[in-house]
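# Breakdown of the fold
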Amino acid sequence: MGRIFLSAAHGGLENGIKDPGTIAGGTTEAKEMILVRDLIVAELRSRKLEVLAVPDELSQEQTIDWINYRAREDDLALEIQANGASNPSIRGTTIFYITANDERKADAEKLIIALLRRVPQLPNRGAKPDSATGLGMLVFCRWILIPSLLLEIGYLTNPEDRTLIQTRRREIAQGIADGLVLWNRGGSNPTPPPNTYFPINININGQNYGEKGVLINGNSYIPIDLVDRLKIDLSKISRVRRVSYKNIVYIKAIELRSFNISVTWDNPNRAVVLRSSFKIFPGNIDKIMTPGSATEVQLMMFLKANNEKVLNSFPDIAKLYREEGTIEGVNYDLAFSQMCLETNFLRFGGDIRATQNNFAALGSVGGSAESAAFPSARIGVRAHIQHLKAYATTEPLVQDVVDPRFRFVTRGIAPLVDQLSGRWAADLQYGSKILTLVKRLYEIAGLM
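Residues numbered from 1 in each chain as written. Predicted model: local features only at pLDDT ≥ 70, side-chain atom pairs only at ≥ 80, totals over all residues. Heavy atoms only, no water.

### Observations regarding helix 1 (residues 29-46)
Operational definition: A run of DSSP states H or I qualifies as a helix once it reaches four residues; a run of E qualifies as a strand once it reaches two. Both are numbered from the N-terminal end. Expected span, for any helix, means 1.5 Å times one less than how many residues it has. Relative accessible area decides the class of each residue, using a 1.4 Å probe on protein chains only: under 20% of the type maximum gives buried, over 50% gives exposed, and in between gives partly exposed.
An ideal rise of 1.5 Å per residue puts 26 Å on 18 residues; helix 1 measures up with 26 Å between its terminal C-alpha atoms. Restricting attention to buried positions, one finds in helix 1 the residues Glu29, Ala30, Glu32, Met33, Val36, Arg37, Ile40, Val41, Glu43 and Leu44. Phi turns positive, to about 70°, at lysine 48, one or two residues after helix 1.

Written out as structure tokens, the structure is:
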């Protein structure tokens, strides 16, 4: 068995400022996770396992460098976090693994089940690929050289989860230790001899590629020649790991998702499957004033995959976005994905209630303390579409204006969704988060 690296999220310096993580209930995420981490370390050492606790003063990037510098081939790494949400009713445990890695998914499922056996009062939000997060990836899952997982124990902003984290620390630590022992005993697949990797097939756009890839820690790696053939500029990605094996350079296939290439795993054929061409025109994915591509059914499937109860509250929401977006020439796929981001897939919470029919966090006019409200779901969607059109083009509206802040927008200043960052929301990653959701929508719909 290898060693276990254990990191408690936050507490270090980020851009020169100490980062406490989520703050709620008179405590901080950093404080609570350090307390849990220390108990896990003690529990594992009592079971005769070798554990390395990452120093608490390190930043996120320093944490990754610290682990990578010390890691050996059979080691593994786990980071524990507490989540936070504007809606205090949201709660539960989630564990993230690197996308398209079935071995890591199986390890994640073992760990979360082990935790919940000890503390069944924590709701199970499941094992999820890191592509399901806001930016479509987690650096702790992507940049660490050894197998790694990220566990969100619960929501610090939820009083029930916070109480469990503070009063059931020992049981939480024991459950996580149970899962780490299971993971450390061996992955889902046999381990190759040192310095050798299993060969895998490569399928691109339905055709078998003439050269093989390799499997490293359950991740598919493809030859650099294929990356060049796809005309991909890797300089746009930070920390691309290159592996030289038998005089061939390989990179992790999942990195290609940043270039709108779908990456999946075909287990029966032991093949990484790449789809490099959109069924929609790829250059339009980030343009606000382009036609949408998804059907109403595909939009609803995407919504239901993230919120099963959504049909109870807004059964016609997909139809409304397709109709209103088409009328104004706005890409309703983008608008729908933005709605999913702003409302947490129609769960709402925070300052906006479902009864306000405000699907895009539109502000009111005149200094009101509340955000805008609309008389129906259709009018709320129409206001959203009109606000997007205001940013994206100087073309006139087709329908009468219902967006209360339409006249305040500098027309045509943001034709691309990424240009909404820092404008629609203060978050400088806002546009990237919308595009991440668009790509997830298209993957579910089979459009990429």
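### Quick notes on the nonpolar core
Applied cut-off: Side-chain atoms within 4.5 Å are what join buried Ala, Val, Leu, Ile, Met, Phe, Trp, Tyr and Cys residues into a set we call a nonpolar core. Residue contacts follow a heavy-atom distance rule, with two residues in contact if any of their heavy atoms lie within 4.5 Å.
The biggest cluster of nonpolar side chains holds 56 residues, and the ones touching the most others in it are Leu303, Ile317, Tyr321, Phe336, Leu346, Phe359 and Leu420. Those elements giving two or more residues to this core turn out to be helix 8 (296-306), helix 9 (317-328), helix 10 (332-343), helix 11 (377-392) and helix 12 (430-445). In terms of residues, this core owes the most to one element, helix 11, which gives 9 residues. Residues in contact with leucine 420, not counting those within four places in the same chain, are Ile288, Gln338, Leu388, Tyr391, Ala414, Ala425 and Tyr430.

### Considering the packing of helix 9 against helix 11
Keep this limit in mind: Only the contacting stretch of a helix is used when fitting its axis, a line to C-alpha atoms as for every element, and angles between N-to-C directions run 0 to 180 degrees. Comment on the angle field: the value is read as roughly parallel under 35 degrees, roughly antiparallel over 145, roughly perpendicular from 65 to 115, and oblique elsewhere. Handedness of a helix crossing follows the sense of rotation of the near helix relative to the far helix, less than a right angle counterclockwise being left-handed and clockwise being right-handed.
Two elements in contact, helix 9 and helix 11, have axes whose closest approach is 9 Å; the angle formed by their N-to-C orientations is 40°. One element, helix 9, and the other, helix 11, form an angle in the oblique class. With respect to the hand of their crossing, helix 9 and helix 11 are arranged in right-handed fashion. On the side of helix 9, the interface is formed by Ile317, Leu320, Tyr321, Glu323, Glu324, Gly325 and Glu328, while helix 11 contributes Ala377, Arg378, Val381, Arg382, His384, Ile385, Gln386 and Lys389.

### Let's talk about the side chain of serine 262
Along the chain, the position of serine 262 falls in strand 17 (residues 262-266). For serine 262, a relative accessible area of 1% translates into the label buried. Each residue touching serine 262, except ones within four places of it in the same chain, is listed here: Val273, Leu274, Arg275, Glu443 and Met448.

### Thoughts on a nonpolar patch on the surface
Note the threshold: Nonpolar side chains (Val, Leu, Ile, Met, Phe, Trp, Tyr) are joined into patches within 5 Å and like charges within 9 Å, using only residues with over 30% relative accessible area and no salt bridge. Areas reported as accessible are Shrake-Rupley estimates using a 1.4 Å probe. Residue values count occlusion only from the protein chains shown. Within this document, salt bridges are pairs made up of a side-chain nitrogen of Lys or Arg and a carboxyl oxygen of Asp or Glu, the two lying within 4 Å of each other.
Taken together, the side chains of Val297, Met301 and Ile444 make up a nonpolar region of the molecular surface, amounting to roughly 280 Å² of accessible area. Considering the arrangement of structural elements, one finds isoleucine 444 in helix 12. On the basis of relative accessibility, which here comes to 40%, the residue isoleucine 444 falls in the partly exposed class.

### A look at helix 10
Worth spelling out the cut-off: Distance and chemistry together define a polar contact, namely a pair of N or O atoms within 3.5 Å, with one atom able to donate a hydrogen and the other to accept it when in protein, and with adjacent residues in sequence counting only for side-chain atoms on both sides.
With 12 residues, helix 10 ought to run about 16 Å at 1.5 Å a step, and its terminal C-alpha atoms sit 16 Å apart, in line with that. Burial analysis of helix 10 places 10 of its 12 residues in the buried class, the great majority of the element. By the burial criterion, the buried members of helix 10 are Tyr332, Asp333, Leu334, Ala335, Phe336, Ser337, Gln338, Met339, Cys340 and Thr343. The opening residue of helix 10, the one whose side-chain oxygen lies 2.9 Å from the backbone nitrogen of aspartate 333, is asparagine 331.

### Comments concerning the packing of aromatic side chains
Put simply, the test is: Note on aromatic pairs: the rings of Phe, Tyr and Trp (six-membered ring only in Trp) are paired at centre separations within 6.5 Å, and the planes decide the class, stacked below 30 degrees, edge-to-face beyond 60, tilted for the rest.
For the structure shown, the criterion picks out 8 aromatic pairs. Measuring from centroid to centroid gives 5.2 Å for phenylalanine 314 and phenylalanine 359, while their planes differ by 85°, and the two rings are edge-to-face. Of this pair, phenylalanine 314 sits in the loop between helix 8 and helix 9 while phenylalanine 359 sits in the loop between helix 10 and helix 11, and the two are 45 residues apart along the sequence. When the centroid spacing of 5.8 Å and the interplanar angle of 35° are considered together, the rings of tyrosine 391 and tryptophan 424 count as tilted. Highlighted residues: tyrosine 391 in helix 11 and tryptophan 424 in the loop between helix 11 and helix 12, separated in sequence by 33 residues. Tryptophan 424 carries the same exposure label as tyrosine 391, and that label is buried. One aromatic cluster is present, formed by Phe314, Phe348 and Phe359 through successive ring pairs.

### Some details on the sheet that holds strand 8 (residues 93-97)
To keep it simple, the criterion reads: Between any two strands, at least two bridges found by DSSP are needed for them to pair.
Spatial strand order, 6-1-7-10-8-9: 6 strands in an open sheet with mixed pairing. Each of the sheet's edge strands pairs with one partner strand only, and the pair in question is strand 6 (51-53) and strand 9 (124-129). The sheet shows a mean angle of 20° between the axes of neighbouring strands, direction not considered. Across 3 bridges, the pairing between strand 1 (residues 4-8) and strand 6 is parallel.

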